[in-house]
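What follows is the residue order along each chain.
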Amino acid sequence: MNHDIQTERAASALADMSDAGNRTPVDTDASMTADTATAAGVAAEETATGTSETTGTPVETADAPAAVSTDTAEIPLTAEEIERQRAEAQVLTAEEAAAEDEVRARIEALPYRYRRKPLFDFAKRLTDILLSGLLLLLIWPVFLMIAIAIKCDDGGKVFYRHKRIGRHGKEIYIHKFRSMQKNADQLAGLLTPEQLHQYYTEFKIDNDPRITKVGNFLRKTSLDELPQIWDIFTGKLSVIGPRPLVETETYRYYGKRDALLSVKPGLTGYWQAYARNDVGYGDGRRQEMELYYVANRSVWTDIKIFFKTIGSVVKRKGAR
């Protein structure tokens, strides 16, 4: 209101002076007041929106701080975020979708099913406790030497803890000696598009560039999985069984997922001993092998798998 009155007075004074033919400077108090009010209004609007009306650039205020950089290359991803990225990356071509439908139909048509074997399960658990307990007592010096080697390599953590899906779909955490470089979860900055595609489809990578020098030796000799002996002792795993999988991976078994998860996962198993990394999910052969064990597990089958695994490790068959 004051602004309008002052503006009218200034305009009237200007008209009077013009009529009298005496042009003198106009009182600038009213003009300055109007300009100040206008500027204040613009500033208030910029504060509310966080954007300059004249330049279109962000305005920093106490309530609107400057943008903070969130470069994901410097922020480690969680296991859940990795699995979400994996799911989002599953964009299949028409040929790939047709091939997957064929694999799905073949897996769901398999005659393998779970049958309860309480006496076998009891004997197997007792064997797991005795065998894992004995091994922990005997090979602790090996644990110590590997831990020292990993620390001397890059100074990072000795153990890697990862969430998997155990029996009846229960979430478990298994342990390994760390074989990859620090921040290996930053996939986009470390892998090529081809490697990312293989990771998202087969859950493994040939010649993975994230593996350290010490880790390469541990993987080829399977020593990276020694900490899982403790997981066997505590009951998360068994010595023999299907390999423990991440949740996304379990859905590659389609309608047979529940059958797969009806038994406890193992340190080694039928697929691990007889095919290892030479057989994948793409053609359904890995699913067939794991489900075959579920339906045909027995003391004799476990004994054969145990000694076959030892032979495969010594020969480094399928090791990567």
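Residues numbered from 1 in each chain as written. Predicted model: local features only at pLDDT ≥ 70, side-chain atom pairs only at ≥ 80, totals over all residues. Heavy atoms only, no water.

### Brief notes about the layout of surface pockets
No. 1: For the second largest pocket, the calculated volume is near 590 Å³.
No. 2: Taken together, 23 residues form the lining of the second largest pocket, with Leu-226, Leu-267, Thr-309, Ile-310 and Val-313 sitting closest to its centre.
No. 3: Put simply, the parts of the chain that give the lining of the second largest pocket at least two residues each are α5 (118-138), α10 (228-233), β4 (266-268), α13 (270-274) and α15 (299-315).
No. 4: Considering every element that reaches the lining of the second largest pocket, the biggest residue donor is α15, with 6 residues.
No. 5: A breakdown of the residues in the lining of the second largest pocket according to their chemical character gives 14 nonpolar, 7 polar and 2 charged. (1 Å grid on protein atoms, 1.4 Å probe; cavity = no way out; pocket = protein on both sides within 12 Å on 5 of 7 lines; lining within 4 Å. Points joined across faces, edges and corners; volume = space filled by probe spheres on them. Helix = DSSP H or I, 4+ residues; strand = E, 2+ residues; numbered from the N terminus. Nonpolar A, V, L, I, M, F, W, Y, C, P; charged D, E, K, R; others polar.)

### Description of the packing of aromatic side chains
No. 1: As enumerated under the stated definition, the model contains 8 aromatic pairs in all.
No. 2: The interplanar angle of 80° and the centroid separation of 5.8 Å between the aromatic rings of Tyr-112 and Tyr-292 together place this pair among those described as edge-to-face. Of the two residues, Tyr-112 is situated in the loop between α4 (94-108) and α5 and Tyr-292 in helix α14 (residues 285-296); the sequence distance between them amounts to 180 residues.
No. 3: Seen in terms of ring centroids, Phe-159 and Phe-177 are 5.3 Å apart; in terms of plane orientation they differ by 20°. Their pairing is stacked. In this pair, Phe-159 is assigned in strand β1 (residues 159-165) and Phe-177 in strand β2 (residues 171-177), connecting sequence segments 18 residues apart.
No. 4: Phe-177 gets classed as buried once you look at its relative accessible area, which sits at 1%.
No. 5: Among the aromatic residues, ring-to-ring pairing joins Tyr-112, Tyr-270, Tyr-274 and Tyr-292 into one connected group.
No. 6: Directly above the aromatic system of Tyr-173 lies the positively charged group of Arg-161, at a separation of 3.9 Å from the ring centroid. (Phe/Tyr/Trp six-rings, centres within 6.5 Å; stacked < 30°, edge-to-face > 60°. Buried < 20%, exposed > 50% of the residue type's maximum accessible area, 1.4 Å probe, protein only. Lys NZ or Arg CZ within 6 Å of the ring centre and 35° of its normal.)

The values reported here are purely geometric and, on their own, carry no functional implication.
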